[in-house]
Structure formats: structure tokens, C-alpha cells
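# Summary of structural features
Here is what each chain is made of, one letter per residue.
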Number of protein chains: 4
Amino acid sequence: MARVLDAEELEARARALLPSDIYDYYAGGSGSEAALRANTEAWRRVTLRPRVLRDVSRVDTAVSLAGARAGTPVCVAPTAFHNLAYPDGELASARGAATAGALYVLSTRSSRRIEDVAAVLAGHGGRWWFQVYVLRDRSLTEGLVRRAAEAGAQALVLTADAPVLGRKRRDRGAGFIPDEDFLANLGHLDDQASAEQAADVGLGDISWLRDISGGLPVLVKGVLRGDDAAACAAAGAAGVVVSNHGGRQLDAAVPTASALPEVAGALAGYPGCEVLVDGGLRSGLDVLRALALGARAAFVGRPVLWALACGGADGVRDLLTGLTAELGHEMALAGAATLADTAGL
Amino acid sequence: MARVLDAEELEARARALLPSDIYDYYAGGSGSEAALRANTEAWRRVTLRPRVLRDVSRVDTAVSLAGARAGTPVCVAPTAFHNLAYPDGELASARGAATAGALYVLSTRSSRRIEDVAAVLAGHGGRWWFQVYVLRDRSLTEGLVRRAAEAGAQALVLTADAPVLGRKRRDRGAGFIPDEDFLANLGHLDDQASAEQAADVGLGDISWLRDISGGLPVLVKGVLRGDDAAACAAAGAAGVVVSNHGGRQLDAAVPTASALPEVAGALAGYPGCEVLVDGGLRSGLDVLRALALGARAAFVGRPVLWALACGGADGVRDLLTGLTAELGHEMALAGAATLADTAGL
Amino acid sequence: MARVLDAEELEARARALLPSDIYDYYAGGSGSEAALRANTEAWRRVTLRPRVLRDVSRVDTAVSLAGARAGTPVCVAPTAFHNLAYPDGELASARGAATAGALYVLSTRSSRRIEDVAAVLAGHGGRWWFQVYVLRDRSLTEGLVRRAAEAGAQALVLTADAPVLGRKRRDRGAGFIPDEDFLANLGHLDDQASAEQAADVGLGDISWLRDISGGLPVLVKGVLRGDDAAACAAAGAAGVVVSNHGGRQLDAAVPTASALPEVAGALAGYPGCEVLVDGGLRSGLDVLRALALGARAAFVGRPVLWALACGGADGVRDLLTGLTAELGHEMALAGAATLADTAGL
Amino acid sequence: MARVLDAEELEARARALLPSDIYDYYAGGSGSEAALRANTEAWRRVTLRPRVLRDVSRVDTAVSLAGARAGTPVCVAPTAFHNLAYPDGELASARGAATAGALYVLSTRSSRRIEDVAAVLAGHGGRWWFQVYVLRDRSLTEGLVRRAAEAGAQALVLTADAPVLGRKRRDRGAGFIPDEDFLANLGHLDDQASAEQAADVGLGDISWLRDISGGLPVLVKGVLRGDDAAACAAAGAAGVVVSNHGGRQLDAAVPTASALPEVAGALAGYPGCEVLVDGGLRSGLDVLRALALGARAAFVGRPVLWALACGGADGVRDLLTGLTAELGHEMALAGAATLADTAGL
């Protein structure tokens, strides 16, 4: 097998391939980009204490997430407008995830229709969740959620950290702002404001989403505090994703590697509420760090976009397969034969 | 609305506009300028843990300070000799603050007469406090305080951290030292030393100032310790301003972001004594950090001078309006609909 | 006596002498080489609190290790393929160690036959241990262990942190990978895989090794956790070597200087289980730091290879003698007349 | 008054004036010079929490040290061979100290006779202590101590951290090593080794020195641990000097600013044993930091040598006067009217 490019190399290649405004739209963060940088740096600072004299002749990266089995805890994070990176957009990234056995999370801001992406996933045995922005006109949200459930989504991911949009320095001046043409799933709207994100989303929306989807598990994405995590669990969430939106919202937000232990600790008494994480994870070793700090799985965002830009579906597949192989290798080095063995490293 | 310049850009423009000795007089700190640099850097290191799933469809930045209502917790810090930055001096900065709905604190070392500044403020519905240096000849202080109370000041701010003047490296050699001509409010004095700051100011001066002003609330500026804060509260202070004089006095002083939690904790049992802060705050996000660490409001000093130099009253108004808008935006991102919600972020 | 070169100077000279792929094979670490760098840096950060008014007119560096006496706690770490550094390979390094009175640990991956190295050691009064990789075909391991015991090894060092091999960035592309020709002790094998390291080594192998060696003490190398150390002690280990394999295995592994106090604390209740350490030690002062943090002795790896490359057996002798002399000097400066006095510095 | 040069400027001027081997002899530290650098940096990191609303109209820097009154807590540290810096050597530095009202500590390795230096000090009303190395031939030490006591020394300072000499990198190669000609106080010796420092100095030497000096107080210099400090106090020491010999002995020694709080805490129960400190203090503000951390006075070493090289006795006087003035100014800024008020800043 030819050596798979690592996330840093993929980014460098994608940067050379993509128009600079699109690269900046993907790569940038809000404000001074402090949270963006801190995410990556915080993982690098996490040291592990490997175990020895354990049988690691078989290493198993399989995991169940909100009731669904996946071959790897490396998941595709929801990100917007994949057609900016590659002509087939989400059709390609979904195929890459499915062939790699990785969970795919489809964004509300997908540039391809839900049903079309779902068909690709189904054709390759892929499992997927649907990411939800609650919009000002909740009937629009309800329509999207019902379509996703109908199309086979196995859970919903409620984005909770975007009641308003973070301000990105790179978008000043001539910066790129995707327009509504990319919103393949909403179609023509008389009132544009109706599709803006609602600022009054609350804990009660967790059960609302479960109800309108016919009972799908709901995870809350954007949680950075133990008290919020416990409140989500008490309100019926099947999981939380520790996230600061990739450093694109509050510029002073704590890095996710720092928030993860607090959240995991607060959910120790809620076995039905799983902990996932995203933000700055760039290698299988970073995923192992996340597992050691209490995560059950990790979302990878920007590296998937770079892989998509560089190699389409095969690029995404190779990235996810490579991260999983690296994770397995590092687990063996750390004396962990299963994901459960990674706790407390 | 055209984009408002941020504090860093304003400083760069003001530096180009102002004579270098005046720029240095404003920008400099004492000694090695360690406290000056540490103030700004300490805020940058404060990370926040935003809350999610809160209703932030309406964000309210209103606050009451020592009994007076203001539309924003962003206040104009007392600084000296505004006519060095802009011909109209305090008449312009006061108008800017009043039109932005921000509290204005007038310095004893104002380059314009108290009554003239007060008239501008009254004309635009502005609220203001008067900053007090206790001078060696206390009758001079008493005269100033009575005039300020008469003119409509709603509180007094006693500067407590300047029993002697810090030594500023930038003022060595040809550095700029403002002379008495700028002291518009004292007029001709036979004995210059009588107008120097007293070195024996004590806790008893809090009630003395309240008495001679006819009962105005007195806040103490320059507090960096919990024990001092509690002593001020017990002596009748209506508030303390956590401050190291903008890094212009003790060069080894703790940064205000570090001192704030200790002071806020010590005053938890004194609800009548409010906590404010200044020093190195350069953005709405920094103000949110200050609120999260226990401040009720924040004073902004040098950025107001840069805005005044660049744009007069309108520049000051735009700066304060911009900081408040940014604060509101970051509050929404942090899940805080009111200033009370910012506690513990 | 001419001044002995320090470890940094030796590395620079060796780098100039050796082919670059061989230098990289020795010098490199896994992944981003974070663990490699952190090892060295962690020792530099350890500050000591020397004692005063102690009699240090005689400083004694003698130590007993797993029952054997050595004149110095500085030991030669097991490293592979010494003939890459110097024609005589382990015959030279062993002679250097023996003439310096330092314990020599022979690697399974020696480029010279066990019996030949043992003969050199015996001829110069040297004491030595044998480092063991448990291979997939355990009969191969058993053969090696029996030969080592027969040849006079006084203890076995079980490498526990290499169930799989770390991936080294410097070995990408044209990087050097030693082939089986160097494995002098295994001879021709029909099945290459039988000589790969086993991934199912466990605690039970400690007593197995003791048994097949006729009762030699067994130390476990690669321990970075207190719980693992206690488990090794309970399973009969005569000692543990706190090690992350010189930064060549898990790239996120904690530096050994950081892990050492935890391991030493966990073994406080197991007087029969000694604590040694390796990783990044580059001076007699670093050895003193290791002793102060709870180690009984320290393994030195790469510096021995540089000394071997630069000066053969005499180079190794001078390095070890120099490190010991420096250790004694620093002990005197720290008020420690014996190794026992170094505790708690 | 013309502005007094600060310690950094003095060093730069002295470096230009002095032969480079002499500059290096004074400026250098042992090993990697880590302790040397850490001393200075550690003071810079100490932040203070000034007090407000205290009467600082009169600031008093007076102090009693081992029963003797001095006008300032800034003292001249014992350093060797002042004639290398300035022709008159200790005669000049002693005169500078005496005219500044600062305590002078004369080194055993003085380049001028004890009696001659004492005469200068007496002529200017100066108080002084004598620094003692216990030499292998204790009768030599006894002779020096008796002469010092006779000449008017008011205390002895036993150097405890030099049982052997630290190795200084800058002295390698052509580095400067002062020879015995400089040892003005020992005269011709048949056996050079008899004048080397003893390596078996112990706690019992505290009372021995007191006895042979006719009852002078004895302070121990080089203490970096609380337990050692308590042992010195219990053995009758009148004080300890927290010191790592200016970074010239153990290169891994903790910086004195870090050791000071532990030592001061350990001596809280021994009111008869005073705490002094040296190492890296370069300004009046650094002296205030030392007082805040528990020191009663501070020794200044290298800056005195630079001042001596640049300006002889007057240079030393101006340095000490300037440091004291700066200390008083910073005390006022910190709300401390007396040295006792500096505790806990």
C-alpha cells in the first residue's frame, strides 16, 4: 500500500488546488483565530502513559455510537458545501466514508440533496447521521428532519453553538461567503430570514427533534461545560459532541481537549449519553488522545475537506482508513486492545 | 454601517497622527513596561466556557453602576489632557461617550473646565463620574469635588494607587511632561507643591469625599487585593476599580485580569460595593472576559484616546458603540442574554 | 587528564563520521519526534535543592543493582547493531564499559554473538545483563536466554514497550532499515516472522524468563505508570526501567523524567523491586536529577553510540568515566556523599 | 542629581572597559549557566499586589541586621579580587558602601588586607561583616577570623555551598583563573593545598566560628532548603543567606526567588535567625520582590563589580544609593512605609 498522506500534507496540497477564498472559508476561524490555533495545540500537549505487558496481538477499533455499530471511532464531521472542494460534493465524501466503514454526518448546509447523498451511502453500506440547525421558521427544520429520517439517518446532531454566526477575519474584504444557491435542500424561499438560524433554541428542542424524526436519537454538538452536558443528558440527549465549532464561533472558547475531561466527568452518571469530540484532531494519535480523555469517538472536519479536494471519494476513504490504521497502531503501542482499554491512558 | 476600526488599528492610526512625545506619554508604562504588557496579555489568556441552548434572541447590555443606569458596561476611563489628542479635548470625548450611552469618567487632570464638559454631557443625556486625586492642599480637592457635584457628577472615583508617580522610561531624555498650563481646573497657584498628589490618603477619605460632595457614592480605583477591597467596602465605598493604573505605576503589579477574581471573591459578601476593572481591555471580547471573571463594568482608557485623536467625538462614539455591539455579539455566542448571565463563563 | 568531550560534542562528531542513514537510525524517534525532544528537555527543567554543611570529602558512587555491585549508577543501555557505529561493534562497547566499571546491557539485536561479547566482558571484569525481546517463536527467545545465562549474564531486561514497532519519520523514503544479516545471534531462519517481536507478552513472562534462565533476576523495561510498576513487582520483577524507548515508540508518551516520580512512589512498598530510568540523559548532572527523582541507576543509550563511533572502546570508557566523575562532582556540590543521600534533592 | 545608571547599563559599560577574561570570570556561571540565567528571570516573574490608601508620606528603608543598624537592606555581597575591576580594589568598594550607608561584606578572597579595608570602612562610619571559607588547614581560617574580629567585623558569613568548586564553561581554554598572588590575606604558604576549601564543613562549625571570633553572630550563606535553614537556626546561626552562589556552583540549583519562600517559612519559628538573599537582583524593584517573599535584606554582587569598574568608590556609592532610592519609591507605590510593611505584597 502506498503511504497515505497525513493531514498536514493534505492541507498543503488542497491549498494549492483550491481558490484562495474557498480555502480561507474552510480554514479560517473567528476573530483572532485563537480558538482555532488552540484546538490543534491542545492535543499536541496531551501526553499519555502507555500500559505494558498487555496482549495486543489483536487490536479492535470497533465502536457502537448511539446504538449503531461502526468499524472505527473516526467519523466525518458535518461541514458545509462540499461542492466547493470537489464537483460531486457530498456524494463523493459520503462514498469515501462508507467504503472506509466510518460514520458520516451530513450537514444541513449540504450542497447536495439529502436523498441523493443517502442513496450513495446506502449503496455502500454506510451509516449516517443528519446535522440540524434549528431555523427561524421551524417548519423548514421539521421538513428537513423528516426527509432525513425517511432517507435513513440513524441519529440527529443538533448544533447548539451557533445562535448567531461568529465573525471571521478572513471573510472581511473580498472574503468568500457562500450564497443560498448552495442550499440544495431548502429550495426557493420567499423570506430569506426564515432560513436563518434561530437564536432561541433550548433544551426542549432535544425531545422535539426526537419526536418529529420518529424517535431518532439526538446528540447535542457544541457542548464545552459539564453542567450543560448534564442538562442535555437529563433532557434526553443520546450524546454530546464537545466542540467549539472548529474555532469558528467564540474566539475565547476553551480548546476541546481541555473541555473534554470536564464533560466526560459530568456524564459519568449518565451511561445513556455518549461523549464525542471534534476540533483540531489531525492524526490517529490525536484520536487516541481524545479516547484517553474520555471520548467515545472523534469527528474530523477540515482534513476530510482537504482529502476530498485532493482525491474525491478515494481521497476521503484513504484518509479515514489511514487515520484508523494509525489509531490501531498507536493503541497497540499504548497497550490497548480495545477502545475501552484507552480510558485513563 | 461601515466597519468600525478595532483598537489595534486605531492605535496605529493615532500613532501616525500624533507627535511622538504625546503618543509615548499616552502609550507608555513605568519601568520595563512589564505591567503594561502583562495587562493586555493576561486577558488574551482567559478562555471561556460558553453555554448552549439558551435563548439569546434578545441580548441586553444594560447595567446599573452605583445607582446610575447605562446602556453598556463599557465606560470611558479617566485619562489626562485630552486636548493633547484632539483640539476640543474632553468636550469631544464626553460628547462621544454621551451619544454612545456610555458612562464618562472625567479626570481631575482634564484640560477643559469641569463645568464646560458637564454642559456637553448634559446636552446629550450623558451620565458621568468625577475622578479625584487628593492633593496636598485638601482645600483644592474640596473645591474641585464641590464643583463636580454641583455640575452633575453622579459619583466620585478616588484614585488610590498614585501616592507618588511611577517613573516612565519613555519620559526620560526629551520625553513629554505636561505642565500646569493644562490644568484647566486649578488656575494659578502660588505654591505649585500644594497641587501635588498627597501621599497620606487613607480609608477615612472615602467618607470625607462623600461628605464634601453632598453624599455622592465614592468608588476606589487602583485596588488589586481582596483584603484592600474588603477594607474599602467596610469604609463605605460604593465600588472598587481593579486597576494598576494602566501599567504606569508599580511595574511588578499583578495584571488586572489576575487580580479580578480575588477582589470579586472578597466582595461577595458586600453587595453594596461594586467591582469594576480596567487595564489592557481592547475588545468587546475582553470586556466579556472581565464580566465572566466578576466585573460589573469595564473602563477603557487608551483606545478612547486613539479614537479621539483619529475622529474626535464621532470616533469616540463609534469606538464605544462598536465595543458594545461586539460585546453583545460575543454574549450571544456565549449563551448569555444579560450581563448577569456572564458570571462563571 | 585531557578534557572528556560532552555528549553534545560527541554527537556532533559522530554525525560527521557516520553515514547519514545510520546517524538517523540511531538519532531518530517516532512520529513527530515529540517524545524524543521532550525526554531531554524534561531533565533540563528539573531543579534541585542542594544540601549544605554535609561532609562530602569522600563521595562514593558505588551501587548494587539487582544484587550486583557496580562502581557507578551510569549503565550502558541496550541498543542495537553496534557494528554500524564501529567495526568491532559490541566487542568494543563492552570493553569500554567493563574498563569503566559500568554495568553493560547487551541487546538481543546485538551484531556480535553473545558468547563473544561475554568473553570480552569477563576478560575485563565487567558485569552485564541481557536484554530480551520475546519473539513470536518463544523457543528462539528461550535459546537466547539460556545462552546468555550460560555466558554469565547476571540479570535479564525484558523490553515491554515494543509489541509493535514505532514508525520513524526519518526511515521514510531512503531511510536505513537494518536487515537480518545483523542478527548475529539467531542465525538462519526458515520463517522470518518467527523472529518478530510477540504482541502478547504478559506479566506471566516475568517468571517464565526467570525460570528458563535458571533463576536470573528479571527487570521490566518500558514502564511509565505506577500501576504497571506495582503489577510488575507483584509478578516478581526485580526492577523496572522507566523508559519510553528513547522516544522511538509512542510519540505522545510522557517524558521519563515526568513518569519517574509516579513509578518510584508506587514501588515504595516493594523494596525488592528497583527503579532505573533511561531517556534523554546527557550529563552527570542529568543522572543526579534522575537519582533525586527516585532512580537507583540510569541507562545511557545514544551517547554511548556516539562515543563508540568516535573512539571505539576507549571512547566509551572515557564517556562513562567522565559521566561518573561529573556525577561525583555534582553530588559534592549538592551535599550528597552517597547515592542514598541524593533522595529528595 | 544626574540620573544613576541602572545595573544593565553598568554591566555593558564595564564589559567594554574590562579585559574579556576578567569580565567572563565575574559574569560567568557553572555548566550551561542555567542557574545563572534562572536567578534573574525568576525575580522578573514575581508579581506583587500593592496595597492602597496607606500613609506613605515618609518611607523608611532602615533595617537591623544581626543586631547592626543599616540605612538600607541593600548590602554588598562578598565577591573576590576587587582589584581586577579597579586598582584600589576593596578599598574603593568599601568606601562606596560606607558612604552609601550600606552593609559591606568582605570576602576571604579579598585582594586587599583585612586591616586596610577595615580602616577605610571605619573612616567612613561603615559597618561590615567578614565572609569565611573554612580552609583545609583550619588554623588558617582561625587566623583570618581573629584578624577580622579584631579589625571590627560585626558578623561572620560562612559560605556553605562550596565544598568543591563549580566548573565554569567560560574558564575553559584561555579562561582566567586568579592565582594565589591575589590572596592578600594569607601570604606565603608552604603547602598550597592547606588553603583550599574544606569539604567537611558541618553544622558544628557555626559555633566554632562564633567561639574563635569572640562571639560574633554567624550567618550561613548558600541555603536553599527549609530543612537546612531550620538546622542552621537550631545550630545557632544568626541568619541564613538564600543563595546558589550566583549560579556558579550547582547548575541545576533552584533559583533563589523560588527557594526564598520555603526558607522563610521554615524559619518563621526561629525569630533569632534572619533571612537574607542574593542572586540575580538587579534593581530596587527586585529588592522589593525579595522583601515581599520574606527576606530581611538582599546582597548585590555583580552590579557592585560593574559599578566599581566604571566609577570606583563613587560608582559603588551611586549604585547603592540609587538602588535604595528606587526601593523607597517602589515601596511607596506598593503602599509600604517600612520594610515590615512589605511582607505579603
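Residues numbered from 1 in each chain as written. Chains lettered and ligands numbered in written order. Predicted model: local features only at pLDDT ≥ 70, side-chain atom pairs only at ≥ 80, totals over all residues. Heavy atoms only, no water.

## A word on the interface of chain A and chain B
On the chain B side, the residues contacting the 31 residues of chain A number 26 residues. Across the interface of chain A and chain B, roughly 2,200 Å² is buried in total on both sides, 60% from carbon and sulfur atoms. Three residues, Arg225(A), Leu250(A) and Ala252(A), lead the burial of chain A against chain B; their summed loss comes to 29% of the area buried on that side. Residues Arg49(B) and Glu262(A) are paired through a salt bridge, measuring 2.7 Å at the closest nitrogen-oxygen approach. Viewed at the interface, chain B and chain A are joined by ten residue pairs in polar contact (both at pLDDT 80 or more). (Contact = heavy atoms within 4.5 Å. Buried area = accessible area lost by both parts, 1.4 Å probe. Salt bridge = Lys/Arg side-chain N within 4 Å of Asp/Glu carboxyl O. Polar contact = N/O pair within 3.5 Å; in protein donor to acceptor, adjacent residues only side chain to side chain.)

## Notes on the environment of Gly272(C)
Residue and element names in this part refer to chain C. Mapped onto the elements, Gly272 comes out in the loop between helix H9 (256–266) and strand S9 (274–277). Using a relative accessible area of 61% as the deciding quantity, one classes Gly272 as exposed. In this structure the C-alpha to C-alpha distance between Gly272 and Ala233, which are 39 residues apart in sequence, comes to 7.8 Å. Those residues in contact with Gly272, other than ones at most four positions away along the chain, are Ala237 and Ala238. (Helix = DSSP H or I, 4+ residues; strand = E, 2+ residues; numbered from the N terminus. Buried < 20%, exposed > 50% of the residue type's maximum accessible area, 1.4 Å probe, protein only.)

## Considerations on the interface of chain C and chain D
Many descriptions give the size of an interface as the accessible area lost when the pieces come together. With 26 residues of chain C at the contact, the number on the chain D side is 31 residues. Summed over the shared surface of chain C and chain D, the result is two salt bridges. Taken together, chain C and chain D are joined by ten residue pairs in polar contact (both at pLDDT 80 or more). Looking at the side of chain C that touches chain D, the elements with two or more residues in it are helix H10 (284–292) and helix H11 (302–333) of chain C. Grouping the constituent residues of the side of chain C that touches chain D by class yields twelve nonpolar, four polar and ten charged. (Nonpolar A, V, L, I, M, F, W, Y, C, P; charged D, E, K, R; others polar.)

## A short note on the relation of the copies chain C and chain D
Overlaying chain C with chain D gives an RMSD of 0.0 Å, the required rotation being 90 degrees about an axis along which the chain moves by 0.0 Å. Interpreted geometrically, this transformation is the action of a four-fold axis. Rotation axis and chain C: the residue whose C-alpha lies nearest the axis is Arg45(C), separated from it by 12 Å. (Least-squares fit on C-alpha atoms with pLDDT ≥ 70 in both.)

## Regarding the packing of helix H4 (residues 90–100) of chain D against helix H11 (residues 302–333) of chain D
Packed helices, taken two at a time, are described by their axes: the angle between them and the distance between them. Residue and element names in this part refer to chain D. In contact at an axis separation of 7 Å, H4 and H11 are set at 20 degrees when each is read in the N-to-C sense. With respect to H11, the axis of H4 lies roughly parallel. Every pair of crossing elements has a handedness; the one defined by H4 and H11 is right-handed. Mapping the contact onto sequence places Ala92, Ser93, Arg95, Gly96, Ala97, Thr99 and Ala100 in H4 and Leu308, Gly312, Ala313, Asp314, Val316, Arg317, Leu320 and Thr321 in H11. Considering only residue class, the contact of H4 with H11 consists of seven nonpolar, five polar and three charged. (Axes fitted to C-alpha atoms, helices over the stretch in contact; angles between N-to-C directions. Parallel < 35°, antiparallel > 145°, perpendicular 65-115°, else oblique. Left-handed = near helix turned anticlockwise from the far one by under 90°.)

## Points about the packing of helix H2 (residues 20–27) of chain C against H11(C)
All names here are of chain C. In contact at an axis separation of 10 Å, H2 and H11 are set at 155 degrees when each is read in the N-to-C sense. Relative to H11, the element H2 is oriented roughly antiparallel. Every residue of H11 that contacts H2 at Tyr23, Tyr26 and Ala27 is listed here: Arg302, Leu305 and Trp306. Here the residues of the contact of H2 with H11 are counted per class, giving five nonpolar, no polar and one charged.

## A short note on the arrangement of the chains
A gap remains between chain B and chain C, with no contact made and the closest C-alpha atoms lying 23 Å from each other. The two units chain A and chain D never meet; even their closest C-alpha atoms stay 23 Å apart.

## A closer look at the environment of Ser194(D)
All names here are of chain D. Among the structural elements, Ser194 can be located in the loop between strand S6 (156–159) and helix H7 (204–212). For Ser194 and Ser93, which are 101 residues apart along the polypeptide, the C-alpha to C-alpha distance reads 29 Å. Residues in contact with Ser194, not counting those within four places in the same chain, are Leu135, Arg136, Asp137, Leu140 and Leu189.

## Concerning the pairing of strand S6 (residues 156–159) of chain B
All names here are of chain B. Burial along S6 is two-sided: the residues Leu156 and Leu158 and Val157 and Thr159 are all buried. Examined bridge by bridge, strand S5 (residues 128–132) and S6 share three bridges and lie parallel to one another. Along S6, the bridge assignment pairs Phe130 with Leu156. Handedness of the crossover is the feature at issue here: the chain leaves S5, passes through helix H6 (residues 138–151), returns alongside S6, and the resulting connection is right-handed. Taken together, the four bridges between S6 and strand S7 (residues 218–223) define a ladder with parallel strand orientation. Residue pairing in the sheet places Leu158 in a bridge with Val220 of S7. (Pairing = 2+ DSSP bridges. Right-handed = clockwise from strand over helix to strand, strands pointing away.)

## A few points about the confidence of the model for chain A
Confidence along chain A averages 94 in pLDDT terms, with 95% of residues attaining 70 or more. Scored as a whole, the predicted complex attains pTM 0.95, and scored at its interfaces, ipTM 0.95. (pLDDT = per-residue confidence, 0-100.)

## Focus on the pairing of strand S7 (residues 218–223) of chain A
The buried fraction of S7(A) is high, at six of six residues. In this fold, S7(A) hands off to helix H8 (residues 226–234) of chain A, which returns the chain to strand S8 (residues 239–242) of chain A; that crossover is right-handed.

## Remarks on the environment of Val300(B)
Residues and elements named next belong to chain B. Note on placement: Val300 falls in strand S10 (residues 297–300). Sequence separation of Val300 and Asp251 is 49 residues, and the distance between their C-alpha atoms is 20 Å. Among all residues touching Val300, those that are not within four sequence positions of it are Val74, Cys75, Val76, Ala77, Leu281 and Leu323.

## Section: the pattern of salt bridges
Per the counting criterion, the structure on display carries 52 salt bridges over all chains. Here Asp227(A) makes a salt bridge to Arg225(A), at a shortest N to O gap of 2.9 Å. Residue class for Asp227(A) comes out partly exposed when judged on its relative accessible area of 42%. Note that Arg138(B) is salt-bridged to Asp205(B), the shortest N-O span being 2.5 Å. With Arg138(B) in helix H6 and Asp205(B) in helix H7 (residues 204–212), the pair connects residues that are 67 residues apart, well separated along the chain. The structure contains a network of salt bridges with shared partners spanning Arg113(A), Glu115(A) and Arg147(A).

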